[in-house]
Number of protein chains: 2
Amino acid sequence: MRSHYCGAVNESLLDQEVTLCGWVNRRRDHGGVIFIDLRDREGLVQVVFDPDLPDVFVTAERVRSEYVLAVKGRVRRRPEGTENPDLPTGAVEVLGRELTVLNAAETPPFQLDEDDVNEETRLRYRYVDLRRPAMQTRLQLRARITRVLRRFLEDNGFLDIETPMLTRATPEGARDYIVPSRTHPGSFFALPQSPQLFKQLLMMGGMDRYYQIVRCFRDEDLRADRQPEFTQLDIETSFMDEEGIMGLMEEMVRELFAQVLEEPLHTPFQRMSYAEAMARFGSDKPDLRIPLELTELTDVMGEVDFKVFSGPAKDPAGRVAALRLPKGGELSRKDIDDYTAFVARYGARGLAYIKVNDLNAGREGLQSPILKFLPDTVVVEILGRTGAEDGDLIFFGADKARVVNESLGALRVKLGHDRGLVERGWKPLWVVDFPMFEYDEKEGRWMALHHPFTAPHAERPEDLTGNPGEMMSRAYDMVLNGTELGGGSVRIHTTAMQQAVFGLLGIGEAEAREKFGFLLDALKYGCPPHGGIAFGLDRLVMLMTGSQSIRDVMAFPKTQTAHCPLTNAPAEVPEAQLRELNIRIKKQPA
Amino acid sequence: MRSHYCGAVNESLLDQEVTLCGWVNRRRDHGGVIFIDLRDREGLVQVVFDPDLPDVFVTAERVRSEYVLAVKGRVRRRPEGTENPDLPTGAVEVLGRELTVLNAAETPPFQLDEDDVNEETRLRYRYVDLRRPAMQTRLQLRARITRVLRRFLEDNGFLDIETPMLTRATPEGARDYIVPSRTHPGSFFALPQSPQLFKQLLMMGGMDRYYQIVRCFRDEDLRADRQPEFTQLDIETSFMDEEGIMGLMEEMVRELFAQVLEEPLHTPFQRMSYAEAMARFGSDKPDLRIPLELTELTDVMGEVDFKVFSGPAKDPAGRVAALRLPKGGELSRKDIDDYTAFVARYGARGLAYIKVNDLNAGREGLQSPILKFLPDTVVVEILGRTGAEDGDLIFFGADKARVVNESLGALRVKLGHDRGLVERGWKPLWVVDFPMFEYDEKEGRWMALHHPFTAPHAERPEDLTGNPGEMMSRAYDMVLNGTELGGGSVRIHTTAMQQAVFGLLGIGEAEAREKFGFLLDALKYGCPPHGGIAFGLDRLVMLMTGSQSIRDVMAFPKTQTAHCPLTNAPAEVPEAQLRELNIRIKKQPA
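Residue numbers restart at each chain and count upward from 1, following the sequence in its written direction. Numbering of ligands from 1 and lettering of chains from A proceed in the order in which they are written. pLDDT decides what is reported in this predicted model: residues at 70 or higher carry local features, side-chain atom pairs at 80 or more are listed and counted, and totals for whole chains, interfaces and linings draw on all residues regardless. Only hydrogens and water are set aside; all other atoms, that is, all heavy atoms of the structure, feed into the side-chain values.

Colleague: Can you help me understand the relation of the copies chain B and chain A in this one?
Modeller: Between the two copies of the chain lies a relationship made up of a rotation around an axis and a movement along it. Here the copies are matched by least squares. The fit uses the C-alpha atoms of residues with pLDDT of at least 70 in both. For the pair chain B and chain A, the superposition axis carries a translation of 0.0 Å, the fit reaches an RMSD of 0.2 Å, and the rotation angle comes to 180 degrees. These values place the two chain copies in the arrangement generated by a two-fold rotation axis. Nearest to the rotation axis, the C-alpha of Val179 of chain B is located 2.5 Å from it, this being the minimum over chain B. The contact rule is simple, with two residues in contact once any of their heavy atoms fall within 4.5 Å. Interface overlap between copies is the fraction of interface residues in one copy that are interface residues in the other; for chain B against chain A it reaches 100%, indicating a shared surface.

If you want it as structure tokens, here you go:
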């Protein structure tokens, strides 16, 4: 029906007749003439209706916001002084000659340019919300991102292969969504948390290079950036080691940023061990744009006469570290109180600090409630290691290493933003040399840090000796500006190694057979060495569009209680349907 | 790890050293030399191990079928007389210099070249089955098909937008798979049977052109060509009428066949009304490769003294038709009995026929048990209308039109195949001018032939008068060689029309509001004219790969009882999980 998109009308079409279709963004009557800003996916253009075509004018008079119109008219230059340089179409306007109202519209529940519409309303009337230019841009960019990713992978021999959605509970650790089976009463399918095992089976099936942009499901209590269903770019390849995979993946992401944002990333990406990331940034996904680092002090605090420091320093699971904030001397008492409350969220029981007023004045030049507990030698170490200068402030964390890392790691990021220290641009890195296992205090056993199919840095099962906490895996995470974009690993490809790892995880033979029998079988019949990675597509799109919420990069997201205000899903189902499925709803206690 | 795929080793690499990775397809010891056919995704190549490298030779001696190897060696011409012209690599072989066993393999549960492995076994060991060249080819072709489709649509401005999987029961008519909600006790999500309403909402949201390759779900009793989950190429566009959509879609399919099969389809596709398709072929998805047609006889049979014909001819819902089979005189009594049994499956209570032995001999030249019931004028009409020639056989169908169409339509296809009449090549067409509604005898009410959002051939709701059975819709089906590839329609875009259609379907205001309130709301706030189509991707891939079963074009299909022999899904889930979800399993009667 149209000859051009509204947003594509510009001086190249001067004096040409165009047919446009779109929504009334705004109608103004001015000087006896009607101006309509007509909007479509590609933008806005101004259409003018003169009273000398009375029929058309009368029609134009009755249109309202969000009416859907088809307009035929001639493109002309706007009168001098009325150009709008903010609009790509702002040098021209269309003189309307024909006008058809394709559909009327009631006054929408909110204006498209309203800023503070509450999110429930936005989601309920998502079809109005999606018309906002910001949402249009985000979903268009998302489509461009998947397009570039697909093309890169296809050009590199990766095959798009679909894996089942109705499958068996997988061991990703989160809660599964389950689907009752009608034909197998009492049994349930699980919706996949990831296609991990299927992609490994595809490698065993000789598909060599696989990718899929695939929906995954987790029935978790939703945090700000989680959704019950999310999308993963899932990749697996045979006969390639971690160097090969990481190299190809950073090439892919470099290409993506170059094509979509015209901001190529510098390759090869920096590599950093997990241990180094935790030591320097308190995080396994450090935001390298923030020029603040943790300083190790555990080794010098063991003997100080201050239990808050000496306790953790002597605890093998403890850590004492400092975080120097340049010019932090400017912080007020209240600022420091606020940061103390902030780190408390991460379990820190306080936030000790030293203000460095005048280094030349010795102890007199320092200001701190804890200074009196620290001997000179320790003070010298603190100032020397942190590289403190006059005007700085040094924060301290002392607790279990986990608490110190989480609290100072988060504080580092917060200070970076609060103090305007975040550098511009993209700072990608790979975090490598992850521990194979981490000890779960609650469960009292070792857990896989990634998943139990991750290969260890060991040639043979016999090499898996010593402390499980010290074994390294062949996993790798791609991190960008503090966000984990993707994580992957080389996988275990022999039965013996897989059984050994299950053993260390306390998964007995019977349980292994019950849960992963088909995988153990498959490993026996000719499994190639293989590995892969999965990227969180929603998070990648958030990062590239600068969105604050995952809900802003999905067309029809759910609320934080996993409810869809638009369709009102989930909903009750007829009793007969439940009967067919052989289930019943449990009565709620009154 | 590899320098080349096995299947890519050819004369262009003569005298070069290559590194290959793959599976042992076969090992032969011949004349003191070991020959290994090494296989990967791209094909097979012969690797030779001489005893003059004893270490390598010893390793080669112990490999077995399906071992995973890395081989380094030099490409050389095969000795004269030993070339294999059936193999793209058959002119060369690789003289192995290094050999690493990457993984051993137990004897696989079946040989890759076994033809009659039962399907349960193939699915249980799918990772072995997928290594068969036929499965590799099919899944690779499937990936190429989606790639070409995506690129065509993206180049035409269609945006790939994801719609929810956890959603609300939709009105497609089949049984939904449902997912209990943990956060809303007693409520359930439904897995989508199609994203129909979401894609319409995207049009209302101004996305203009949408596509998605999307998983859909139907909990149906599985027939040979059905799966609980299947894949749809889903498309919707605004401001385009049926001509625009059909034109673009046939261009897409033409492009697909040209690129993937190098067999371009002739465009524009033939158009045929539903009425014509039923009249001439007894089917709304006629296979135009078969040069047989039904001949209308209802109008001449009303007065014959033969109730089997005159009854249906006088019944407004009846039909009498003939199907002429050229050279059908060759059929034996047993052949005709078999075809009579065949049409009985479609409800036909008999299969009358006339053998045309000698047209010049008048009645004497015809042979038929029913001839005596038919007056000369009628016989003349039959022979004239069918264009009968000496040696032909004419079958008759007389019953409710539905029975005649289904039985003679199926007989037509069967005769075409049995008698070798199927023409080569691709015969696409559009079936158009579908009825809006069909009467459901069981339910005693009108049902939407497509779905209730399909626009009628009527400008305004007031035009929806008269017999609902005679209203035409703006729907279109793309049919290729007897398979319905896709179906779509222009949609209703105003509240008034949607309410009128709901009314004709007996959906009252309360029910409409309860089930489709959000759609009715959305129509009010500026809905553009829009339409779309959905293609069954699995069926398209079946057709293009010449596969007989939908399970052959999916990586991990389920059996006909919706069970996965590989993972053993569906499975029981722990009681605690059901408790969290607020459901319980109903006890089965003993």
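Colleague: Explain the interface of chain B and chain A to me, please; I cannot follow it from the model alone.
Modeller: The parts lose accessible area when they come together, and the size of an interface is often stated as this lost area. Taken together, the contact between chain B and chain A spans 120 residues of the former and 120 residues of the latter. It is Phe239, Tyr525 and Lys586 of chain B in chain B that bury the most area against chain A; as a group they hold 8% of the surface buried on that side. Put simply, a salt bridge is a Lys or Arg side-chain nitrogen that is within 4 Å of an Asp or Glu carboxyl oxygen. There are 22 salt bridges connecting chain B and chain A. For Arg151 of chain B, the salt bridge goes to Glu154 of chain A, with nearest N and O atoms at 3.2 Å. By the criteria applied, helices consist of DSSP H or I runs no shorter than four residues and strands consist of E runs no shorter than two, each listed in order from the N terminus. The dominant element in the side of chain B that touches chain A, judged by the number of residues it contributes, is helix α4 (residues 133-155) of chain B, at 11 residues. Under this grouping Gly is polar, as are all residues other than the nonpolar Ala, Val, Leu, Ile, Met, Phe, Trp, Tyr, Cys and Pro and the charged Asp, Glu, Lys and Arg. Tallied by class, residues from the side of chain B that touches chain A come to 59 nonpolar, 28 polar and 33 charged. Bridge analysis of strand β23 (residues 583-585) of chain A against strand β23 (residues 583-585) of chain B gives 3 bridges, and the strand direction is antiparallel. By buried area we mean the combined loss of accessible area, with a 1.4 Å probe, across both parts when two parts are placed together. Strands were regarded as paired on the criterion that DSSP finds at least two bridges between them.

Colleague: I'm lost on the sheet that holds strand β15 (residues 366-367) of chain A in this one. Help?
Modeller: The pairing of strands in a sheet happens through backbone hydrogen bonds and is either parallel or antiparallel. Residues and elements named next belong to chain A. Pairing within the open sheet is antiparallel, and its 5 strands lie in the order β12-β13-β16-β14-β15. Whereas interior strands pair on both sides, the edge strands pair on one side only; in this sheet they are β12 (294-296) and β15. As judged from the 3 bridges shared by β12 and strand β13 (residues 318-325), these two strands associate in the antiparallel manner. Pairing of Glu296 across the sheet is with Ala321, part of β13.

Colleague: What exactly am I supposed to notice about the sheet that holds strand β4 (residues 68-77) of chain A here?
Modeller: Residue and element names in this part refer to chain A. Here we have 5 strands rolled up into a closed barrel, ordered β1-β2-β3-β5-β4, and mixed in their pairing. Direction aside, the axes of adjacent strands within the sheet are offset by 55 degrees on average. Relative to strand β2 (residues 33-40), strand β1 (residues 17-30) runs antiparallel, the two sharing 7 bridges. When the bridges of β2 are listed, His30 appears paired with Val33. A fitted line through C-alpha atoms represents every axis, and for helices the fit uses only the stretch in contact; the resulting angles, taken between N-to-C directions, go from 0 to 180 degrees.

Colleague: Can you walk me through the pairing of strand β19 (residues 445-448) of chain B in this structure?
Modeller: As a general feature of sheets, a regular strand has side chains that alternate between the two faces. All names here are of chain B. Sheet topology places strand β18 (residues 437-440) next to β19; 4 bridges connect them, and they run antiparallel. Of the residues in β19, the one forming a bridge with Tyr439 is Trp446. The antiparallel hairpin formed by β18 and β19 contains 4 residues in its connecting segment, where Gly444 sits at a positive phi of about 65 degrees.

Colleague: Sorry, what's going on with the environment of Leu149 of chain B here?
Modeller: All names here are of chain B. Positionally, Leu149 belongs in helix α4. Only protein chains enter the accessibility calculation, which uses a 1.4 Å probe; a residue is then buried when its area is under 20% of its type maximum, exposed when over 50%, and partly exposed in between. The exposure class of Leu149 is buried, given its relative accessible area of 1%. As a C-alpha pair, Leu149 and Phe35 span 114 residues in sequence and 42 Å in three-dimensional space. In contact with Leu149, not counting residues within four places along its chain, are Leu233, Met252, Leu256, Leu537 and Leu540.

Colleague: Could you clarify how one ought to interpret the packing of aromatic side chains in this entry?
Modeller: Here the distance between the centres and the angle between the planes together describe a pair of aromatic rings. A pair of aromatic rings is counted whenever rings of Phe, Tyr or Trp (Trp by its six-membered ring) have centres within 6.5 Å, and the orientation is called stacked for planes under 30 degrees apart, edge-to-face for over 60 and tilted otherwise. Counted by the stated rule, this structure contains 35 aromatic pairs over all chains. Both rings, one in Phe306 of chain A and one in Phe309 of chain A, keep their centres 4.9 Å apart while their planes meet at 65 degrees; by these two values the pair is edge-to-face. Residue class for Phe306 of chain A comes out buried when judged on its relative accessible area of 12%. Both rings, one in Tyr339 of chain B and one in Phe395 of chain B, keep their centres 6.4 Å apart while their planes meet at 70 degrees; by these two values the pair is edge-to-face. Here Phe395 of chain B lies in strand β16 (residues 393-400) and Tyr339 of chain B lies in helix α10 (residues 333-344), a separation of 56 residues in the sequence. For Phe395 of chain B, a relative accessible area of 0% gives the class buried. Put simply, the rings of Phe306, Phe309, Phe373 and Phe396 of chain A pair up and form one aromatic cluster. Here the guanidinium or amino end of Lys414 of chain A rests over the ring plane of Phe342 of chain A, the centre of that ring lying 5.4 Å away. Here, over-ring charges are defined by two tests on the NZ atom of lysine or the CZ atom of arginine: distance to the ring centre within 6 Å, and angle to the ring normal within 35 degrees.

Colleague: I would appreciate a short explanation of the environment of Glu423 of chain A in the present structure.
Modeller: Residues and elements named next belong to chain A. Inspection of the secondary structure assignment puts Glu423 in the loop between α12 (401-418) and β17 (428-432). A residue is classified by how much of its surface remains accessible, and Glu423, at 35% relative accessible area, is partly exposed. Between the C-alpha atom of Glu423 and that of Leu288, which follows or precedes it by 135 residues, the distance is 8.6 Å. Here Glu423 is in contact with Arg289 and Pro291, once residues within four sequence places are set aside.

Colleague: Mind showing me how you'd approach the state of the cysteines here?
Modeller: Between two cysteines, a covalent bond joining their sulfur atoms is known as a disulfide. In this description, a disulfide is simply a cysteine sulfur pair whose atoms lie within 2.5 Å. Using the criterion set out here, one finds 0 disulfides over all chains in the structure. You can see Cys527 of chain B has no disulfide; the closest cysteine sulfur is in Cys21 of chain A, sitting 13 Å from it.

Colleague: I keep staring at empty space enclosed by the protein and nothing clicks. Help me out?
Modeller: Rolled over the atoms, a probe as big as a water molecule pinpoints where empty space is left. Detection works on a 1 Å grid of protein atoms alone, calling trapped sets that fit a 1.4 Å probe cavities and calling open sets with protein on both sides within 12 Å along at least five of seven lines pockets, with lining residues defined by an atom within 4 Å of a point. Grid points are joined across faces, edges and corners, and a volume is the space filled by probe spheres set on the points. According to the stated counting rule, one finds 11 cavities of 30 Å³ or more in the structure shown. Within this model, the largest cavity holds a volume of roughly 380 Å³. Lining the largest cavity are 22 residues, and of these Arg150 and Ile213 of chain A together with Arg150, Ile213 and Val214 of chain B sit closest to its centre. Across the lining of the largest cavity, the residue classes tally to 8 nonpolar, 4 polar and 10 charged. Approximately 160 Å³ is the volume found for the second largest cavity. Lining the second largest cavity are 18 residues, with Glu162 and Thr163 of chain A together with Arg215, Met554 and Ala555 of chain B sitting closest to its centre. Breaking the lining of the second largest cavity down by element, the ones donating at least two residues are α4 and β10 (229-238) of chain B. A per-element tally of the lining of the second largest cavity places β10 of chain B first, with 3 residues.

Colleague: What should I look at first to understand the side chain of Gln140 of chain B in this one?
Modeller: As for its placement among the helices and strands, Gln140 of chain B is situated in helix α4. Ignoring any residue separated from it by four or fewer positions in sequence, one finds Gln140 of chain B in contact with Leu159 of chain A together with Arg41 and Glu42 of chain B.

Colleague: What am I meant to see in a negative patch on the surface here?
Modeller: All names here are of chain A. Like charges are joined within 9 Å and nonpolar side chains (Val, Leu, Ile, Met, Phe, Trp, Tyr) within 5 Å, but only among residues with over 30% relative accessible area and no salt bridge; these make up the patches. The accessible surface values rely on the Shrake-Rupley method and a 1.4 Å probe; as for residues, cover is taken only from the protein chains in view. We treat Lys and Arg as the positive residues and Asp and Glu as the negative residues; His and chain ends play no part in the count. Every charge is mapped onto a representative atom, which is NZ of Lys, CZ of Arg, CG of Asp or CD of Glu. Taken together, Asp113, Glu114, Asp115 and Asp116 make up a surface patch of like negative charges. Secondary-structure assignment places Glu114 in the loop between β5 (92-103) and α2 (119-124). The exposure class of Glu114 is partly exposed, given its relative accessible area of 31%.

Colleague: Help me understand the pattern of salt bridges, please; the structure alone is not making it clear to me.
Modeller: When charged atoms on two side chains of opposite charge get close, those side chains can pair. Scanning the entire structure with this criterion turns up 120 salt bridges over all chains. One salt bridge connects Arg385 of chain A with Asp299 of chain A, and the closest N-O pair in it is separated by 2.6 Å. Within this pair, whereas Arg385 of chain A is found in helix α11 (residues 376-386), its partner Asp299 of chain A is found in helix α8 (residues 298-301), the two being separated by 86 residues in sequence. The exposed category is assigned to Asp299 of chain A, whose relative accessible area is 55%. In this structure, Arg254 of chain B engages Glu255 of chain B in a salt bridge whose closest nitrogen and oxygen atoms are separated by 3.9 Å. Assessed through its relative accessible area of 22%, Arg254 of chain B is described here as partly exposed. Beyond isolated ion pairs, a larger network of salt bridges with shared partners links Arg142, Arg215, Glu229, Asp538 and Lys558 of chain A together with Glu162 of chain B.

Colleague: Explain the UniProt feature "binding site: ATP" (unreviewed entry) in chain A to me, please; I cannot follow it from the model alone.
Modeller: Residues and elements named next belong to chain A. UniProt positions are given in the numbering used here, feature names are shortened, and annotations may be inferred rather than shown by experiment. UniProt's entry tags Arg218, Asp219, Glu220, Gln227, Glu484, Gly536, Leu537, Asp538 and Arg539 with the feature "binding site: ATP" (unreviewed entry), counted in the numbering of this structure. Its place among the elements puts Arg218 in the loop between β9 (209-217) and β10 (229-238). By the element assignment, Gly536 lies in strand β22 (residues 530-536). Beyond its immediate sequence surroundings of up to four residues, Gly536 is in contact with Thr231 and Leu485.

Colleague: Looking at this model, I keep getting lost on α11 of chain A. Mind explaining?
Modeller: Because an α-helix packs 3.6 residues into every turn, residues spaced three or four apart end up facing the same way. Residue and element names in this part refer to chain A. All of the buried residues along α11 are Val378, Val379, Ile382, Leu383 and Thr386. With its buried residues spanning 130 degrees around the axis, α11 presents them on a single face. In α11, those exposed residues whose orientation departs by more than 90 degrees from the buried face are Thr377, Val380 and Gly384. Among the residues trailing α11, Gly387 stands out with phi positive, at a value near 70 degrees. Regarding the arc, it is the one traced by the directions from the helix axis to the C-beta atoms.

Colleague: Where do I start with the domain arrangement of chain A in this structure?
Modeller: Split into domains, chain A comes out as domain 1 (6-103), domain 2 (136-271 + 430-552) and domain 3 (290-422). Source of the domain bounds: an automatic or database domain assignment. The C-alpha centroid of domain 2 of chain A is placed 50 Å from the C-alpha centroid of domain 1 of chain A.

Colleague: Hey, could you run me through unusual backbone geometry in this one?
Modeller: For residues besides glycine, phi is generally negative; the peptide bonds are generally trans as well. Omega for the bond connecting Ala569 of chain A with Pro570 of chain A falls within 30 degrees of zero, at -5 degrees, which places this linkage in the cis form. Residue placement: Pro570 of chain A occurs in the loop between α15 (537-545) and α16 (575-581). Along the chain, Thr267 of chain B connects to Pro268 of chain B via a cis peptide bond; the corresponding omega equals -5 degrees. Here Pro268 of chain B lies in the loop between α6 (242-261) and β11 (270-273). Its identity is not glycine, yet Phe239 of chain B carries a phi of approximately 55 degrees, on the positive side. Residue placement: Phe239 of chain B occurs in the loop between β10 and α6.

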